[in-house]
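Letter by letter, the chains look like this.
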Amino acid sequence: ANSEVDSVGFGGLPDVIGRMSLDACVMLSPERCGSVCAVTRHLHVADLARLVMERTSHVMLVGEGADSFADALGMPQMELLSADARQAWERWRSGATTTQQTDQGVDSGKIFSQSSSLAPSPPSPIGEKHIPHDTVGVLAIDTHGVMAGACSTSGMPFKLAGRIGDSPIPGHGIYVDPEG
């Protein structure tokens, strides 16, 4: 929820059309997990993923369905795009992005160039993994020995609208197996 952190969550950078979306997964075991993807109106997506696990027979809810589920549970809605992130997106869209060096020495703001339709060109040869972004992952064991994990992200900056990474996919972004 820290708007000063531009790599994940509120404050994270939006997709190519300027829309912010969040993903999360919560897991207690391979049989007990919940996930949400492309949530656009609710900030606390790890809480929402936990509610999918606890209150439904489903594993994953996506997009409008995930947001509608949150609405039905009374979770507060909010604008997910911070003012600073909106300004960064506008600079990126106009081509005025400041240089951000990755470990490969490539200007990450120029990996995607936008056309009049705001659809990015294909990624450069270095690929998506070198675009700075982050994921929050937590593993914990309570006083009763119950192990749990959660993973949450706002995804890759300026990604194609609708792109989902591995973070919210049980067994990919997080894996908890108390028997293993």
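Located above this text is the structure these notes cover.
As a starting point, this report considers the structure included with it. What you are looking at is a predicted structure, and each value in this text was computed from that prediction instead of being measured. (Residues numbered from 1 in each chain as written. Predicted model: local features only at pLDDT ≥ 70, side-chain atom pairs only at ≥ 80, totals over all residues. Heavy atoms only, no water.)

1. Some points on a nonpolar patch on the surface
On the surface, a nonpolar cluster with roughly 280 Å² of combined accessible area is contributed by V59, M60, V62 and I169. Counting through the fold element by element, V59 comes out in the loop between α1 (45-55) and β3 (60-62). (Patch = residues over 30% accessible without salt bridge, like charges linked within 9 Å, V, L, I, M, F, W, Y side chains within 5 Å. Areas by Shrake-Rupley, 256 points an atom, 1.4 Å probe, with all protein chains shown as cover. Salt bridge = Lys/Arg side-chain N within 4 Å of Asp/Glu carboxyl O. Helix = DSSP H or I, 4+ residues; strand = E, 2+ residues; numbered from the N terminus.)

2. What about the environment of H44?
Among the secondary structure elements, H44 is positioned in the loop between β2 (32-39) and α1. Assessed through its relative accessible area of 46%, H44 is described here as partly exposed. Sequence separation between H44 and L22 is 22 residues, and the spatial gap between their C-alpha atoms is 8.8 Å. (Buried < 20%, exposed > 50% of the residue type's maximum accessible area, 1.4 Å probe, protein only.)

3. Digging into the sheet that holds β3
One open sheet accounts for five strands, arranged β3-β2-β1-β5-β4; its pairing is mixed. Only two strands of the sheet have a single partner each, and these edge strands are β3 and β4 (136-141). The average angle at which neighbouring strand axes cross in this sheet is 5°, direction not considered. The strands touched by α1 are β1 (22-29), β2, β3 and β5 (147-153); relative to β2, the strand with the most contacts, the crossing angle is about 135°. Where helix α2 (residues 63-72) meets the sheet, its contacts fall on β2 and β3, and the angle it forms with β3 comes to roughly 105°. (Pairing = 2+ DSSP bridges. Axes fitted to C-alpha atoms, helices over the stretch in contact; angles between N-to-C directions. Contact = heavy atoms within 4.5 Å.)

4. Regarding the pairing of β5
One ladder, built from five bridges, connects β1 with β5; its direction is antiparallel. When the sheet's bridge partners are listed, V26 is paired in β5 with A150. Here β4 runs beside β5; their pairing, made up of six bridges, is antiparallel. Its bridge partner lying in β5, V138 is registered against A150.

5. Things to note about the packing of aromatic side chains
Overall, the coordinates contain one aromatic pair when judged by the stated rule. Consider the rings of W92 and F158, whose centres lie 4.4 Å apart with planes at 5°: the pair is stacked. Taken together, the residues span a long stretch of sequence, with W92 in helix α3 (residues 83-94) and F158 in the segment after β5 at a distance of 66 residues. The same class applies to W92 as to F158, namely buried. (Phe/Tyr/Trp six-rings, centres within 6.5 Å; stacked < 30°, edge-to-face > 60°.)

6. A look at the state of the cysteines
The final tally for this structure, using the stated rule, is zero disulfides. Sulfur of C33: no disulfide; nearest cysteine sulfur belongs to C25 and is 5.8 Å away. C25 supplies the cysteine sulfur nearest to C151, a cysteine that is in no disulfide, at a spacing of 7.1 Å. What makes C151 buried here is its relative accessible area of 3%. (Disulfide = S-S within 2.5 Å.)

7. A short note on α3
Helix length check: α3 (12 residues) gives 17 Å between terminal C-alpha atoms against 16 Å at 1.5 Å per residue, within 8%. Considered for burial, the residues of α3 that qualify are A85, A88, W89 and W92. In a view along the axis of α3, the buried residues occupy a sector of 100°, so they form one face of it. Of the residues in α3, the exposed ones pointing more than 90 degrees away from the buried face are A83 and S94. Note on α3: the residue one or two positions beyond its end, G95, has a positive phi of about 85°. (Expected span 1.5 Å × (residues − 1). Arc of directions from axis to C-beta.)

8. As for the pattern of salt bridges
Enumeration over the complete set of coordinates arrives at four salt bridges. Of the charged contacts, one joins D15 and R19 as a salt bridge, the two residues approaching to 3.5 Å between their closest N and O atoms. The class for D15 is buried, based on a relative accessible area of 1%. Look at R19 and you get partly exposed, because its relative accessible area is 38%.

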